[in-house]
Amino acid sequence: DAEITQSPRHKITETGRQVTLACHQTWNHNNMFWYRQDLGHGLRLIHYSYGVHDTNKGEVSDGYSVSRSNTEDLPLTLESAASSQTSVYFCASSESQNQPQHFGDGTRLSIL
Amino acid sequence: EDQVTQSPEALRLQEGESSSLNCSYTVSGLRGLFWYRQDPGKGPEFLFTLYSAGEEKEKERLKATLTKKESFLHITAPKPEDSATYLCAVQAGNTGKLIFGQGTTLQVKP
C-alpha cells in the first residue's frame, strides 16, 4: 500500500545545531507539505512544494528550508535550531490542489 | 484574514449520546472544507471533503454538513472508539494550502 513515512519519529537536539527531518511518500503525489502542530495554534503550514525543484513558503517559514530533488521526498531543514522550534512536525502529500492531503505520523522534535 | 474556529474545544459524551461539532470559517473563495480525525501520537486521518453549501457526506456514525459559514460534524450514537481529536480545515483559492482550526477533542465514555 502507498504511504507517507517520516523519520525520525523522535529527536532531541541542542540550540544552534542543524537538523533535517525526512519525509518520503510512495503515492507519486506532486504536492507535498510541511506543518508544525503546537498547543493553542493547531497545524500551521511551514513550506510546500508542487513538484520537483518547486518550493514555496508557508505562514511560519522563518528558520526552515526545504528542497525537492525528486517526487518522493521533501526533507525539512532547521538551519540553526531554536527552542521555539520545539514542536511536532507533520508531512503531508496530495494528488492535486483540490484533493485531500494525507499525513504522516509526525516527528516530535525537542530543542534544548 | 482567512480564519477557522472550532467549537467546543472539548466534548465528553456517554456512549450512545449523539452530538455535533462545529467548524465556522471566514475565507474568501472557499474551494473545499476538510474534516480529519487525529488519534494521540498519530497524524491526521482524512474523513470528508465538502465543496459546496448544502452538501452532506456520511461514514458510519459520522455525518458532515456544510453551509456558507460553517460545517457540522454530527456523531450519532458514538462509541468509545470514536474518541479522538477532530480537525476542520478550509482551502481558499487554488493553491492547495489548508487553514486548520484548533480541533475538538472528543471523549466517549462507555
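Now for a look at the structure at hand. Note that the coordinates shown come from a computational prediction; the quantities given were computed from them, not determined experimentally.

Conventions used here
- Residues numbered from 1 in each chain as written.
- Chains lettered and ligands numbered in written order.
- Predicted model: local features only at pLDDT ≥ 70, side-chain atom pairs only at ≥ 80, totals over all residues.
- Heavy atoms only, no water.
- Helix = DSSP H or I, 4+ residues; strand = E, 2+ residues; numbered from the N terminus.
- Rg over C-alpha atoms; globule rule 2.2 N^0.38 Å.
- Buried < 20%, exposed > 50% of the residue type's maximum accessible area, 1.4 Å probe, protein only.
- Contact = heavy atoms within 4.5 Å.
- Areas by Shrake-Rupley, 256 points an atom, 1.4 Å probe, with all protein chains shown as cover.
- Lys, Arg positive; Asp, Glu negative; His and termini not counted.
- Charge placed at Lys NZ, Arg CZ, Asp CG, Glu CD.
- Polar contact = N/O pair within 3.5 Å; in protein donor to acceptor, adjacent residues only side chain to side chain.
- Core = buried A, V, L, I, M, F, W, Y, C linked by side-chain atoms within 4.5 Å.

**Looking at the overall build of chain A**
Right, so step 1: From N to C terminus, chain A includes 0 helices and 11 strands.
Right, so step 2: Its helices and strands taken in sequence order, chain A reads β-β-β-β-β-β-β-β-β-β-β from the N to the C terminus.
Right, so step 3: The globule rule puts the C-alpha radius of gyration for 112 residues at 13 Å, and the 13 Å found for chain A is close to it.
Right, so step 4: The burial tally for chain A puts 48% of its 112 residues in the buried class.
Right, so step 5: Long-range contacts, defined as pairs at least 24 residues apart, comprise 54% of the intrachain contacts of chain A with a sequence gap of at least 6.
Right, so step 6: When the accessible surface of chain A is summed, it comes to about 5300 Å², and 43% of that surface belongs to carbon and sulfur atoms.
Right, so step 7: Side-chain charges in chain A split into 8 positive and 12 negative, and the spacing between the mean points of these groups amounts to 9 Å.

**Points about the side chain of Gln91(B)**
Right, so step 1: One can find Gln91(B) in strand β9 (residues 84-92).
Right, so step 2: On the basis of relative accessibility, which here comes to 1%, the residue Gln91(B) falls in the buried class.
Right, so step 3: Among the polar contacts made by the side chain of Gln91(B), one reaches the main-chain carbonyl oxygen of Gln97(A) at a distance of 2.4 Å.
Right, so step 4: Not counting residues within four places of it along the chain, the set of residues in contact with Gln91(B) comprises Gln97(A), Asn98(A), Gly29(B), Leu30(B), Arg31(B), Gly32(B), Phe34(B), Gly96(B), Lys97(B) and Leu98(B).

**Some words on the nonpolar core**
Right, so step 1: Membership of the largest hydrophobic core comes to 22 residues, with the highest contact counts inside it found for Leu33(B), Trp35(B), Leu73(B) and Tyr86(B).
Right, so step 2: Of all the secondary structure elements, the ones that give two or more residues to this core are β2 (10-14), β3 (19-26), β4 (30-38), β5 (45-50), β7 (62-66), β8 (70-75), β9 and β11 (104-109) of chain B.
Right, so step 3: By residue number, the principal contributor to this core is β9(B), which donates 4 residues.
Right, so step 4: In this structure, Ile4(A), Leu21(A), Val60(A) and Leu109(A) belong to the second largest nonpolar core, which totals 18 residues.

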